[in-house]
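Geometric and topological summary
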Amino acid sequence: MITTLNRFADPINRAGNHILPLLARLVFAGVLLMYFWRSGLTKVGDGVLGIFTPRSGAYVQIFPKAMEAVGYDTSQLTFFHWAVVFGGTVAEFVLPLLIIVGLLTRLSAMAMIGFIVVQSLTDLYGHGGIAHEGTLGAWFDKMPDALILDQRAFWILALLVLVFKGAGALSVDRILFKNAP
C-alpha cells in the first residue's frame, strides 16, 4: 500500500516543485504588489527625482519617535535616517517586482521577509501597535485577522516557499540559470 501511495505521490511532488513557487509568486502579486507599491508611493517626494527627496510622511512612517523628537522637522534628522527611508522606499518597489518576474527570487524573498519583520516591529513598537488589543494578535485564538501574527505570517509563508523552492517554472531565474529549480 505504501508503494502504491508513493507511486501516486511522486508525480505530485515533482509538479509541486514547479507549480508551488509559481503560485506563491502569483498570490504575492495579487495580494501584496499594490499594497507595497502604494506604500512606496506615499513616501516619494515631488518630481521625477522624488525618490531622492522623500516626503516627511515617509520619515513619520519609518521613524515615528525620531520625528516626534525633532518636532517633525526632517532637516534635523541625519543622513542615516534619509538612507533608511530611501532604501525602504526603493525596496517597496524593487523587491516585489523581482519576486513577481522571478529574478534573484530566493535573495529577493529573503530580503522581503526581512522587510516585513522590520515593518512589523515598527508598527508594534514605533507606532504603538503593541498597546492595542488585536494588532499583534495571537495564534490559536479563533480569530484569523490580526494584523501582525496572522496576516504577516501568511505573507512570510508564501515568501518562504520561494526561499526554499526558488522561482519555479516560469521565471527569469529559470531562463538565466538553466539549472535553477
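Residues numbered from 1 in each chain as written. Predicted model: local features only at pLDDT ≥ 70, side-chain atom pairs only at ≥ 80, totals over all residues. Heavy atoms only, no water.

**Observations regarding the overall build of the protein**
Looking only at helices and strands, the protein has seven helices and zero strands in total. Each helix (α) and strand (β) of the protein, taken in turn from the N terminus, gives the series α-α-α-α-α-α-α. In terms of overall dimensions, the protein has a C-alpha envelope of 70 × 45 × 20 Å along the principal axes. Among the 181 residues that make up the protein, the fraction classed as buried is 34%. A fraction of 60% describes how many contacts in the protein between residues 6 or more apart in sequence connect residues 24 or more apart. A total of about 11100 Å² of accessible surface is found on the protein, and carbon and sulfur atoms cover 72% of it. Computing the positive centroid from 13 side-chain charges and the negative centroid from 11, the protein places the two 15 Å apart. (Helix = DSSP H or I, 4+ residues; strand = E, 2+ residues; numbered from the N terminus. Buried < 20%, exposed > 50% of the residue type's maximum accessible area, 1.4 Å probe, protein only. Contact = heavy atoms within 4.5 Å. Areas by Shrake-Rupley, 256 points an atom, 1.4 Å probe, with all protein chains shown as cover. Lys, Arg positive; Asp, Glu negative; His and termini not counted. Charge placed at Lys NZ, Arg CZ, Asp CG, Glu CD.)

**Thoughts on the layout of surface pockets**
Computed from the structure, the largest pocket encloses a volume of approximately 480 Å³. Contributing to the lining of the largest pocket are 19 residues, with Lys-43, Ile-62, Glu-92, Phe-115 and Gln-119 lying nearest its centre. If you list the elements that add at least two residues to the lining of the largest pocket, you get α1 (2-41), α2 (56-62), α4 (79-101) and α5 (105-126). Ranked by the residues each element gives to the lining of the largest pocket, the list is headed by α5, at six residues. (1 Å grid on protein atoms, 1.4 Å probe; cavity = no way out; pocket = protein on both sides within 12 Å on 5 of 7 lines; lining within 4 Å. Points joined across faces, edges and corners; volume = space filled by probe spheres on them.)

**So, α5**
Structurally, the α-helix is built with 3.6 residues per turn, so residues lying three or four positions apart point the same way. For α5, built from 22 residues, the straight-helix expectation of 32 Å at 1.5 Å per residue is met to within 8% by its first-to-last C-alpha distance of 30 Å. Listing the buried residues of α5 in full gives Thr-105, Ser-108, Ala-109, Met-112, Ile-113, Phe-115, Ile-116, Gln-119, Ser-120, Thr-122 and Leu-124. Tucked inside the fold, the buried residues of α5 contact α1, α2, α3 (64-69), α4, α6 (147-165) and α7 (172-176). Downstream of α5 by one or two residues, Gly-128 has phi in the positive range, about 80°. (Expected span 1.5 Å × (residues − 1).)

**A word on unusual backbone geometry**
Residues apart from glycine generally show negative phi values, whereas peptide bonds are mostly found in trans. Its identity is not glycine, yet Tyr-72 carries a phi of approximately 60°, on the positive side. The residue Tyr-72 is located in the loop between α3 and α4 in this model.

**Quick notes on α4**
The terminal C-alpha atoms of α4 lie 32 Å apart, and with 23 residues this matches the ideal 33 Å at 1.5 Å per residue to within 8%. Those residues of α4 lying buried are His-81, Val-85, Gly-88, Thr-89, Ala-91, Glu-92, Phe-93, Leu-95, Pro-96, Leu-98 and Ile-99. Next to the buried residues of α4 lie α1, α2, α3, α5 and α6. In the stretch just after α4, Gly-102 is the one whose phi turns positive, near 80°.

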